[in-house]
Amino acid sequence: MTLYYRDDAVQVTSEAIHAGGHVVKLADITYAWHARGTTTLAVRGRVLGRGVLVLLLSLPPLVALVCVVSLAWAAQDRGNWKLALVVLAAFVVGGLVLTPFLELPLGWLDRSYERGSQVHELWVQHHGQEVLLLRTPDALRFGQIYRAVQRAIEQQSERR
């Protein structure tokens, strides 16, 4: 028996798929497919949080750009370029000092994209009936499971 995928709730082997309280033998599966499910509150919250995070990461550079442009405009009028260059150098140094702290929010953003923005469903046709085996908002996990099911079914059909 070959193990293709296993976590707390799902196990895909060369013999059967164990998911959602169902045990489906691969030999009894006529067809397997995936579909988009209805969006849940958690998925909507993830998308909203992603938007807020992008906004919070975008605002400081935009505010700094407006400040630098207005400072350059004012320095041109007054002819006081020395103060403008000192303030500009402070902005550059401050930006370079704060850059390593971007790792945490950018990691959150990466993980939110990995998890996806929709609900995924795994369906199989088993003894003439359509059975929902799995419903998850985690795109990365769903992709791993679905690919394991595909490999298991391919191996099963090669044995026949």
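Residues numbered from 1 in each chain as written. Predicted model: local features only at pLDDT ≥ 70, side-chain atom pairs only at ≥ 80, totals over all residues. Heavy atoms only, no water.

## Quick notes on the side chain of His-126
Relative to the helices and strands, His-126 is located in strand E6 (residues 119-126). For His-126, the residues in contact, after removing those within four places along its chain, are Val-24, Lys-25, Asp-28 and Val-131. (Helix = DSSP H or I, 4+ residues; strand = E, 2+ residues; numbered from the N terminus. Contact = heavy atoms within 4.5 Å.)

## Side note on the sheet that holds strand E7 (residues 129-136)
A sheet is described by the order of its strands in space; here three strands give the open sequence E5-E6-E7, paired in antiparallel fashion. Looking along the sheet, the strands with just one partner apiece sit at the ends: strand E5 (29-37) and E7. Taken over all neighbouring pairs, the strand axes of this sheet differ in orientation by 25° on average, direction set aside. With eight bridges connecting them, E5 and E6 associate as antiparallel partners. (Pairing = 2+ DSSP bridges. Axes fitted to C-alpha atoms, helices over the stretch in contact; angles between N-to-C directions.)

## Some points on the sheet that holds strand E2 (residues 10-13)
One open sheet accounts for four strands, arranged E1-E2-E3-E4; its pairing is antiparallel. At either end of the open sheet lies a strand with only one pairing partner, and these are strand E1 (3-6) and strand E4 (22-25). Strand-to-strand twist of the sheet, defined as the mean angle between neighbouring strand axes without regard to direction, takes the value 5°. Relative to strand E3 (residues 16-19), E2 runs antiparallel, the two being bridged by three bridges. Paired with Val-10 across the two strands is Ala-19, which belongs to E3. Packed on one face of the sheet, helix H4 (residues 139-159) meets E1, E2 and E3 and runs near 160° to E1.

## Looking at the nonpolar core
Judged by nonpolar contacts, the single largest core of 21 residues is most densely connected at Val-10, Val-12, Ile-17, Leu-122, Leu-133, Ile-145 and Val-149. Of all the secondary-structure elements, those providing two or more residues to this core are E1, E2, E3, E5, E6, E7 and H4. With six residues, H4 is the single largest residue contributor to this core. When neighbours within four sequence positions are excluded, Leu-133 is seen to be in contact with Ile-17, Ala-19, Gly-20, His-22, Val-24, Leu-122 and Val-124. (Core = buried A, V, L, I, M, F, W, Y, C linked by side-chain atoms within 4.5 Å. Buried < 20%, exposed > 50% of the residue type's maximum accessible area, 1.4 Å probe, protein only.)

## Considerations on the layout of surface pockets
Where empty space is left in the structure can be found by rolling a water-sized probe over the atoms. As a volume, the largest pocket reaches approximately 300 Å³. For the largest pocket, the lining is made up of 13 residues, of which Pro-60, Pro-61, Gly-95, Leu-98 and Leu-102 are closest to its centre. Of all the elements in the fold, those that place two or more residues in the lining of the largest pocket are helix H1 (41-78) and helix H2 (81-98). In terms of residue class, the lining of the largest pocket is built from ten nonpolar, three polar and no charged. (1 Å grid on protein atoms, 1.4 Å probe; cavity = no way out; pocket = protein on both sides within 12 Å on 5 of 7 lines; lining within 4 Å. Points joined across faces, edges and corners; volume = space filled by probe spheres on them. Nonpolar A, V, L, I, M, F, W, Y, C, P; charged D, E, K, R; others polar.)

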